[in-house]
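Single-letter residue listing:
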Amino acid sequence: MARMTPPERMGAVMMGEKPDRVPVVPFILGYSAQITGVSIGDIYADGDKCFDAMFNSMRLHGYEQTPMYGYASLGPWEFGGEVMFPYGKGHSAPSVTKHPVMSIEDIENLEVPTFEKELPGGFKESDKVAKRCVAMGMPATIQTGSTFTASSVVAETSLFLKWIFKEPKAVHLLLEKVSDMFVNALEYFAETYGPEHCMPFDGGPVEANTILSPKQFKEFAYPYMEKLHKKIKELGMPAVLMHPCADQNLNIPYYVELRKKLNWEGRYFWLFGPETPIQDQIDNFGDHDIICGNVDPPSIQYKSYEDVVRLCKENIEAGKDSPNGFVLAPGCEFPPLAPPIKVMAMMDAAEKYGRYD
Amino acid sequence: MDKETLFKKLADAVIDGDEDETARLAQEALDTGIDPYDAIMQGCNKGMAEVSDRYEAKEMFVPEILLSADAMYAAIDILRPHLKVDDTVAKPATIIIGVAQGDIHDIGKNLVKMMLDVAGFNIIDVGRDVPVETFVEKAVEHNAKLVAISALMTTSMMNMEPVIEGLKEQHSGAKTIVGGAPISQDFADNIGAAGYGKDAVAAVRIAKKLTEA
């Protein structure tokens, strides 16, 4: 088989065809700043710098991931709170300095951000990345969740988690408002760039079963995930990058239910944490969707090149023949401070062990 | 109510996260002359130990634990001022606890702190996004036996090893335990930490082992 270019490789996977080799989507965000000489803070504070860093990192390494903007604590800034950009030592993502919700009354008074005039908070920067991506034929990746994780930082997190028991109606009201913001975002990006060019990105760590029970997931996370994914289906977007972050093994039945209930023709890219065996992902989603790898990010950070190649090899061998395609990826963001040789390890493993011809 | 019944009810109220009930029972313990130390150990502590077991068994999750912690502290805040000071008993070991530099995620750290507190350690909480030097300075200042560091990011976890190195130079009597989402036993061994707590329950177990050694 002739060698494909990165867009051809991803295009083949999207079409359900075999590419020349397993694509590599290293889930790079902060790393792109480190490797291109920009501060990590800048790529979150300025969408143009984000695009430049990610585009250049993509060109430098030759992987298949296109530029995207997003971070785990998206939500507070958009609802009128404050975030701190990661300019300090060891900082890797924006963090909340002022939660817009500190009381039940705050939830009642909270106004859902609109996208009619100036875009709210991080979506303004995300829009800059989307615009340049679409102009170059790449998808506009839009963060649209998770509603539960975003709500858990719009409100002060400990309060929010305690309100699940003490104030469940208020929690649902907050979840409703946060999901409405994401609906507004989906509509804006679909209208601006065309739904066929949009790839929503949904996922978050606060639903992890080290924090939340599957019963709580069912009651407080699932309904808003379903609401947003129905919207994605209605709008006609072709694919979703879905990242159930960390250990969400007990939540898998609900993700399966979402898939079945919506009976969506589009494709999910499932990017689970390292805690979820690849075979379990194939068993649950392989008949319709693309399975991503889940190489352990801390291991990428501190283990040797040889070890990372070995971990990638194990991932590839487990997922390569998934019926609807496989993409090599880490189980969460690529460690921002990892040396470049670790990206090379992923690329080398894909070349050596991920070829289909 | 006899004291055994009161202890049982106090433990159950901690498990149920009922802070009104724990406060009421704590006051009742004082009013009926029950030793506040016994009420903490036989009531609050037993309740929290059950909460830990249920978390390990995936029967309780963080929202419930946060409510249990509030309920426990509602009782302890009433009981603690009445504890008798006994100079013949050895002082509890001091643990410095904080979140590594670059990280502001402190729910996990706060849970570990609460469990260590209940287990009887003297806890100095240095907060979150803590510079390496602060961990070392506080360990020296308080003659700490243990330094507990949490991290949730692959960037901040890289600031754990410098703390261990700093302690070796300036306060070699202190051992270090590490924990948090990206941390593993392998990583802990790799950076020379004395212990790894995969969760709050394990952290307490390791802390006891290391401070008794």
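Residues numbered from 1 in each chain as written. Chains lettered and ligands numbered in written order. Predicted model: local features only at pLDDT ≥ 70, side-chain atom pairs only at ≥ 80, totals over all residues.

Glancing now at helix 4 (residues 62-79) of chain B. For helix 4 of chain B, built from 18 residues, the straight-helix expectation of 26 Å at 1.5 Å per residue is met to within 8% by its first-to-last C-alpha distance of 25 Å. Counting buried residues along helix 4 of chain B, 15 of its 18 residues qualify, which places the element largely inside the surrounding structure. (Helix = DSSP H or I, 4+ residues; strand = E, 2+ residues; numbered from the N terminus. Expected span 1.5 Å × (residues − 1). Buried ≥ 20, exposed ≤ 12 C-beta atoms within 10 Å, placed from the backbone.)

A few words on the interface of chain B and chain A. Listed per partner, the contact involves 23 residues of chain B and 24 residues of chain A. Among the elements of the structure, helix 4 and helix 8 (185-191) of chain B are those that each provide at least two residues to the side of chain B that touches chain A. Class assignment of the residues belonging to the side of chain B that touches chain A gives a composition of 14 nonpolar, eight polar and one charged. (Contact = placed C-beta atoms within 7 Å. Nonpolar A, V, L, I, M, F, W, Y, C, P; charged D, E, K, R; others polar.)

Note on sheets: strands pair through backbone hydrogen bonds, and any given pair is parallel or antiparallel. All names here are of chain B. With respect to topology, five strands assemble into an open sheet ordered 2-1-3-4-5, the strand pairing being parallel. Among the strands making up the open sheet, the edge pair consists of strand 2 (122-130) and strand 5 (195-196). Where strand 1 (residues 94-100) meets strand 2, six bridges bridge the pair, whose relative direction is parallel. Considered in strand 2, the bridge of Thr-94 is made with Asn-122. The sheet strands contacting helix 6 (residues 132-141) are strand 1, strand 2 and strand 3 (146-150), and the helix crosses strand 2 at an angle near 165°. (Pairing = 2+ DSSP bridges. Axes fitted to C-alpha atoms, helices over the stretch in contact; angles between N-to-C directions.)

On to the domain arrangement of chain B. Residues and elements named next belong to chain B. Domain parsing of chain B yields domain 1 (3-82) and domain 2 (94-212). With 10 residues of domain 1 in contact, the opposing surface of domain 2 contributes six residues. Of all elements in the fold, only helix 3 (36-56) and helix 4 reach the threshold of two or more residues within the side of domain 1 that touches domain 2. Ranked by residues supplied to the side of domain 1 that touches domain 2, first place goes to helix 3 with six residues. Across the side of domain 1 that touches domain 2, the residue classes tally to seven nonpolar, two polar and one charged. (Domains from an automatic or database assignment.)

Take the pairing of strand 3 of chain B next. Residue and element names in this part refer to chain B. Strand 3 sits mainly inside the fold: five of its five residues count as buried. With burial as the criterion, each face of strand 3 is covered, one bearing Leu-146, Ala-148 and Ser-150 and the other bearing Val-147 and Ile-149. Pairing of strand 1 with strand 3 involves five bridges; the strand directions are parallel. Bridge pairing in strand 3 links Ile-96 to Val-147. The sheet contact formed by strand 3 and strand 4 (residues 175-179) spans five bridges and is parallel. Bridged to Leu-146 within strand 4 is Lys-175. Crossover strand 3 to strand 4 through helix 7 (residues 161-170) is right-handed. (Right-handed = clockwise from strand over helix to strand, strands pointing away.)

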